[in-house]
Protein chains: 2
Amino acid sequence: MAIRLYELKGAGECRFSPYCWRTRLALAHKGLEAELIPVRFTDKDIIAFSGQSRVPVLVDGETTVSDSWTIACYLEDTYADRPSLFGGDGGRSVSRILNAWMDKTQNPLIVRMIVLDIHNGIEEVDHDYFRTSREQRFGVALEDVQADRAERVENFRAGLEFLRDILAEQPFLSGATPAYADYIVFSAFQWARCMSRFELLMADDPLHQWRDRMLDLFDGLAAKAAIAAG
Amino acid sequence: MAIRLYELKGAGECRFSPYCWRTRLALAHKGLEAELIPVRFTDKDIIAFSGQSRVPVLVDGETTVSDSWTIACYLEDTYADRPSLFGGDGGRSVSRILNAWMDKTQNPLIVRMIVLDIHNGIEEVDHDYFRTSREQRFGVALEDVQADRAERVENFRAGLEFLRDILAEQPFLSGATPAYADYIVFSAFQWARCMSRFELLMADDPLHQWRDRMLDLFDGLAAKAAIAAG
C-alpha cells in the first residue's frame, strides 16, 4: 500500500506548510513516493483518525504518524537501508536541537513577516479561521503584524550569520550533501516562498545560493511547487 | 608523551575561556589526561609556536591543533576507539552548526552581561589589554556594556526556550548521556560561572538543573573549577 501524506493546502495547488515540507523532503531523501492528500485549515476532520489535529500526518500501511519530527524518525528507522536523514544517532540527537531552534525561534520571526500574505494565499473558506486565530495570537490585525517587516528582516538576516559560516566551507549545512538539518531550515524558506513575494534573503547572500541548491534537489521538487504568492 | 593543553588563565587558578572548557570536557569525555598550561591574555608568546594567537591550543606528540572545534574533531578522529563526542558523521555535521550558533549568537549575548566581571577576574597585568580591546569592540566603557544586564538576561533566557523543550524529554541535550553538543552550550555557562556572580539562569529553570548535571560530570570537573568571581 502506498504511503499517504496529509498536508496543508493553500489556494489552488499550493502546499505551503514548513512542517509538511520537511516531510516531503524527507520522503524524497529516502526515495519514497507518497500519495499527497490536501487538508484545509477548516478541513481537519479528514485527519481526525490520527488522534490529533495537525498536519503533516503520514500513513504507511497500518501505521499512522503525526508531527514532522516524529515522522522523520519513523522514516529513518523504518527505511534504515535507504539514505540516512541523520547520519547516525548523534546526528539525530543534534538535528532535534536544530529542529526545536527553528520551531521556537526562527519560524515565529518569519510568520511575523508573511502572515498577511499567508492569509491571502489560502482558500477563502479558510480566511475567517486563519484571521481570527492569528489575530488572537498576535493581538493586532494581520496587516499590522507584518507592517514593519522591512526592519524586522534585517535582524532576521543578521541572526543567521552562523549558517553563513557553515556554508562558507561546504555546499550544504549538513556537509557535501544535504540531510535533514538542511530540510529543517530550508522548509521555512519554502513556506515563505510559496506564500509571499517578500524577500527574506538578499540575492547575494550565501544563504540565498544555498536555498537555490535546495530548490534544485530531487529533480526540482521544491522549485516546481505551486506558488500562491499574489 | 602527555597531551598538553594551553588555556586562558584568569586570577589565581581560574581558567574561564568557554572555548578552552569545550576542550577540557572533550578530553574528559575521551578519558584523556592533559597537562594544563595557563596562558594570560598578554602572554600569547607562549603559543606562538602554534602559528596563531588564540587558545585553546592542544599539543599531542608531534601534532599541534588550535581552535576548539578543530581540536574536538582531532580528538574524535585520533581517539576513535574511545567514547564518541559526536555519535557519527551526522552528529559531527550538526554539532558544527550548533557550535557556530553558540559562537555567533549566544556567547556575544553573554559577554555583554559579564564583561566587566571578566575584567575584574583576570590578572592585573592583563587589565589594560582587556579593557582597551573590549571597549574598542563595544564602543563604550565596560561598566556601561553590562549596565543593563538585568533586562538583557530576560531576552537571553527567553531565547533558550527551545533547549528546555529538549530537556523536558531527556536529561542532556544530546539524549540520555552528554556529548559534545552539551559541552558547546555548557561551556558558556561555565565561563560566566567562573567569572561572575550574575545569574544567567533562574534556579527553577530546567536549564539550571541541566547545568547542575553538567557540573557533576567527570567527578565534578567543572564544579571544582576555581572561581574568580568577586
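Since the model is a prediction, treat every value here as computed from it, not as a measurement. Along each chain, residues carry numbers from 1 onward, in the same order as the chain's sequence is written. Chains and ligands are labelled by the order in which they are written, letters from A for the one and numbers from 1 for the other. In keeping with the model being predicted, local features are shown solely for residues with a pLDDT of at least 70 and side-chain atom pairs are shown and tallied solely at 80 or more, while totals for entire chains, interfaces and linings include all residues. With hydrogens and water stripped out, all remaining heavy atoms of the structure feed into the side-chain values.

A. Structural detail: the overall build of chain A. Secondary structure elements are taken from DSSP: a helix is a run of H or I of four residues or more, a strand is a run of E of two residues or more, and numbering for both begins at the N terminus. Within chain A, the regular secondary structure consists of nine helices and four strands. Our radius of gyration looks at C-alpha atoms and nothing else; its globule reference is 2.2 Å times the residue count to the power 0.38. Taking 2.2 N^0.38 as the reference for a compact globule, 230 residues should give roughly 17 Å; the C-alpha atoms of chain A span a radius of gyration of 17 Å, in line with that estimate. Summarising its shape, the C-alpha atoms of chain A cover approximately 50 × 45 × 30 Å along the three principal directions. Buried means the residue's accessible area, taken with a 1.4 Å probe over protein chains only, is under 20% of the maximum for its type, while exposed means over 50%, and partly exposed covers the values in between. Split into buried and exposed, the 230 residues of chain A put 57% on the buried side. Residue contacts are defined here by distance: any two heavy atoms, one from each residue, within 4.5 Å place the two residues in contact. Looking at chain A alone, contacts between residues at least 24 apart form 68% of all its contacts between residues at least 6 apart.

B. Inspection of the domain arrangement of chain A at higher detail. Residue and element names in this part refer to chain A. Domain annotation for chain A reports domain 1 (3-78) and domain 2 (89-220). One C-alpha centre belongs to domain 1, the other to domain 2, and the line joining them spans 19 Å. Contacts between domain 1 and domain 2 engage 23 residues on the former and 29 residues on the latter. Accessible area that two parts lose when put together, with a 1.4 Å probe and added across both, is what the buried area reports. Summing both sides of the interface, domain 1 and domain 2 together bury roughly 2,400 Å²; the carbon and sulfur share of this comes to 63%. It is R22, F41 and W69 that lose the most area in domain 1 upon contact with domain 2, and together they represent 33% of the buried surface on that side. The domain limits used here are those given by an automatic or database domain assignment.

C. Main features of the packing of helix α3 (residues 89-121) of chain A against helix α8 (residues 180-195) of chain A. Residue and element names in this part refer to chain A. Two elements in contact, α3 and α8, have axes whose closest approach is 8 Å; the angle formed by their N-to-C orientations is 5°. One element, α3, and the other, α8, form an angle in the roughly parallel class. Counted together, S95, L98, N99, M102, N107, I110, V111, I114, D117, I118 and G121 of α3 and Y180, A181, I184, V185, A188, W191, A192 and M195 of α8 form the full contact between these two elements. Lines fitted to C-alpha atoms define the axes here, with helix axes fitted over just the stretch in contact, and angles between the N-to-C directions of these axes take values from 0 to 180 degrees. Under this scheme an angle from 65 to 115 degrees is roughly perpendicular, one under 35 degrees roughly parallel, and one over 145 degrees roughly antiparallel; angles in between are oblique.

D. A look at the sheet that holds strand β1 (residues 3-8) of chain A. Residues and elements named next belong to chain A. By this definition, two strands are paired if DSSP reports at least two bridges between them. The sheet built from four strands is open, its strands ordered β2-β1-β3-β4 with mixed pairing. The sheet is open, and its two edges are formed by β2 (34-39) and β4 (63-66), each paired on a single side. Ignoring which end each strand starts from, the neighbouring axes of this sheet average 20° apart. Summarising the sheet, β1 and β2 pair through six bridges and their orientation is parallel. Considered in β2, the bridge of L5 is made with L36. Lying on the sheet, helix α1 (residues 18-29) is in contact with β1, β2 and β3 (57-60); it crosses β1 at an angle near 150°. Against the sheet, helix α2 (residues 68-78) engages β3 and β4, with an angle of about 135° to β4.

E. Seen up close, the relation of the copies chain B and chain A. The atoms used to superpose the copies are C-alpha atoms, taken from residues with pLDDT of at least 70 in both, and the fit is least squares. Here chain B sits on chain A after a turn of 180° about the axis and a move of 0.0 Å along it, with an RMSD of 0.0 Å. What the rotation and shift describe, once combined, is the action of a two-fold rotation axis. Relative to the rotation axis, the closest C-alpha in chain B is found at B:G91, a distance of 1.7 Å. Looking at the interface residues of chain B, 100% of them are also at the interface in chain A, so both copies use one shared face.

F. Molecular detail of the interface of chain B and chain A. Each partner contributes residues to the interface: chain B has 27 residues there, and chain A has 27 residues. Here chain B and chain A share an interface that buries about 2,100 Å² over both sides, 65% of which is from carbon and sulfur atoms. The salt bridge definition used is simple: a Lys or Arg side-chain nitrogen within 4 Å of an Asp or Glu carboxyl oxygen. Across the contact surface, chain B and chain A share four salt bridges. A:E169 is paired through a salt bridge with B:R96; the nearest N and O atoms lie 2.7 Å apart.

G. Spotlight on the packing of aromatic side chains. Residues and elements named next belong to chain A. Each Phe, Tyr or Trp ring (for Trp, its six-membered ring) is paired with any other whose centre lies within 6.5 Å, and the angle between the two planes then decides the class: stacked below 30 degrees, edge-to-face above 60, tilted in between. Inspection of every chain in the model, using the stated rule, returns 26 aromatic pairs over all chains. When the centroid spacing of 6.0 Å and the interplanar angle of 55° are considered together, the rings of W69 and Y180 count as tilted. Of this pair, W69 sits in helix α2 while Y180 sits in helix α8, and the two are 111 residues apart along the sequence. Relative accessible area serves as the criterion here: at 11%, W69 is assigned to the buried category. Look at F186 and W210: their rings are 6.3 Å apart centre to centre, the planes differ by 80°, and that puts the pair in the edge-to-face class. One end of the pair, F186, is in helix α8; the other, W210, is in helix α9 (residues 206-220), and 24 residues separate them in sequence. Here F186 and W210 have matching classes, each one buried. An aromatic cluster of at least three residues, connected via ring pairs, comprises W69, F86, Y180, Y183 and F218. Only when the NZ of Lys or the CZ of Arg is both within 6 Å of the ring centre and within 35 degrees of the ring normal is a charge said to sit over the ring. One Lys or Arg, R213, reaches over the ring of F172 and ends 5.9 Å from the middle of that ring.

H. Main features of the pairing of strand β4 (residues 63-66) of chain B. All names here are of chain B. By the bridge criterion, four bridges tie strand β3 (residues 57-60) to β4 in an arrangement that is antiparallel. Paired with D60 across the two strands is T63, which belongs to β4. Connecting β3 to the antiparallel partner β4 that follows it, the hairpin turn spans two residues, and G61 within it adopts a positive phi of roughly 65°.

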